[in-house]
Amino acid sequence: FENWRSYLAEEVEVVAAVGDSLTVGVGAGNKSYIDFLGGHKFAIGGKASYNLFGKLEEALALKPRYLIIFCGINNPMSVKGCSGNWDSQLKNDLSKMYMKGVEQGAKVIGVTLLPALKIWRKHYKKCKSNPKKYGCCPSLEARNPKKIFQKTLSINDFILSNAPAAVDTSDMWDENGLLETYDADGIHLNSAGQ
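Structure report, in brief. Residue indices follow the written sequence of each chain, beginning from 1 at its first position. pLDDT decides what is reported in this predicted model: residues at 70 or higher carry local features, side-chain atom pairs at 80 or more are listed and counted, and totals for whole chains, interfaces and linings draw on all residues regardless. Excluded from the side-chain calculations are hydrogens and water; all other atoms, namely the structure's heavy atoms, are used.

Glancing now at the overall build of the protein. Check the secondary structure of the protein and you find seven helices and seven strands. Labels follow the DSSP assignment, with helices taken as runs of H or I lasting at least four residues and strands as runs of E lasting at least two, numbered in each case from the N terminus. Listing the helices and strands of the protein from first to last along the sequence gives α-β-α-α-β-α-β-α-β-α-α-β-β-β. Principal axes of the C-alpha set define a box for the protein whose edges measure 70 × 30 × 30 Å. Every one of the 194 residues in the protein was classed for burial, and the buried ones make up 45%. Working rule for contacts: check all heavy atoms of both residues, and any pair within 4.5 Å makes them a contact. The long-range fraction of contacts in the protein, counting pairs at least 24 apart against all pairs at least 6 apart in sequence, stands at 70%. Total accessible area on the protein is roughly 9900 Å²; 52% of this is exposed by carbon and sulfur atoms. Once the 24 positive and 20 negative side-chain charges of the protein are each reduced to a mean point, those two points are 11 Å apart. The buried label goes to any residue with under 20% of its type's maximum accessible area, the exposed label to any with over 50%, and the partly exposed label to all in between, with areas taken from a 1.4 Å probe on protein chains only. Here the Shrake-Rupley method, with its probe set to 1.4 Å, supplies the accessible areas, and only the displayed protein chains count as covering residues. Charge assignment in this entry is limited to Lys and Arg as positive and Asp and Glu as negative, and neither His nor the chain termini are counted. Lys charges are placed at NZ, Arg charges at CZ, Asp charges at CG and Glu charges at CD.

The pairing test for Phe, Tyr and Trp rings, Trp by its six-membered ring, is centres within 6.5 Å, and the orientation test on the planes gives stacked under 30 degrees, edge-to-face over 60, and tilted for anything in between. Taken as a whole, this structure holds two aromatic pairs when the rule is applied. With a centroid separation of 6.1 Å and 85° between ring planes, the pair formed by Phe149 and Trp173 is classed as edge-to-face. Remark: Trp173 occurs in strand S6 (residues 173-174) and Phe149 occurs in helix H7 (residues 145-162); sequence separation between them is 24 residues. Given the relative accessible area of 11%, Phe149 is considered buried.

This brings us to helix H5 (residues 86-103). Here, expected helix span is obtained from the residue count minus one, scaled by 1.5 Å. The end-to-end C-alpha distance of H5 is 25 Å, a good match for the 26 Å that 18 residues give at a rise of 1.5 Å each. What H5 keeps buried is the set Trp86, Asp87, Leu90, Asp93, Leu94, Met97, Tyr98 and Gly101. For H5, the angular spread of the buried residues around the axis is 135°, confining them to a single face. Residues of H5 that are buried sit in contact with helix H4 (53-61), strand S3 (66-70), strand S4 (107-111) and H7. This arc is built from the directions going out from the helix axis to the C-beta atoms.

Structurally, the position occupied by Gln194 is in the segment after strand S7 (177-178). Here Gln194 falls in the buried class, since its relative accessible area comes to 14%. In protein, a polar contact requires one atom able to donate a hydrogen and another able to accept it; more generally it is a pair of N or O atoms within 3.5 Å, and residues adjacent in sequence count only if both atoms are side-chain atoms. In this structure the side chain of Gln194 is engaged in a polar contact, spanning 2.9 Å, whose partner is the backbone oxygen of Leu22. Aside from chain neighbours lying at most four places away, what touches Gln194 is Leu22, Gly25, Ala28, Lys31, Ser32, Tyr33, Phe36 and Leu189.

Turning to its location among the elements, Arg143 is positioned in the loop between helix H6 (117-129) and H7. No salt bridge forms around the buried Arg143; measuring N to O, its nearest opposite-charge neighbour Glu141 is 12 Å away. Engagement of the side chain of Arg143 in a polar contact is seen with the backbone oxygen of Pro76, the distance being 2.9 Å. Reaching out from Arg143, the side chain makes a polar contact with the side chain of His123 at a distance of 3.4 Å. Not counting residues up to four positions away in its chain, the partners in contact with Arg143 are Pro76, Met77, Ser78, Gly81, Cys82, His123, Tyr124, Cys137 and Ile148. What counts as a salt bridge is simple: a side-chain nitrogen of Lys or Arg found within 4 Å of a carboxyl oxygen of Asp or Glu.

Set out below in structure tokens:
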């Protein structure tokens, strides 16, 4: 029996996911894609990619066979998003995450971003009306939803071209944001989306 248990333990493939609130499952009762896959969740809601390297280390400690990386939607609205080059930083962070996963022997899967246009537009309107009250960027254009959307498309192209394996989410959104079928609140996926 012990040999059989040892054999089974070797055959079990660990799946881990690193991400933000989309990986947490906010909008879907805290049950995300990784829960459906029976994997391990390493995620913190509301965090930009540069805040998730600790979660990446925790995930890699499990020595996963598959590592899903789904983060970056918070980057344009983070403090560093005001600099205007948040997209370059995100690409750099994703490259490092992919590389660390591959170096640890994981099969790395990158997931493309879901444009949160409803949220971006709402924040942009608030900033136009009262920038001091809402903690807006010194340059309002850094949070222009059209510019953020274009940069998101560029990041998605980067993910599709640079992740060792990629999941393309483009069938879940259009130029107006998440499709109603998958949308919980303008940024998060509902259960159907997950």
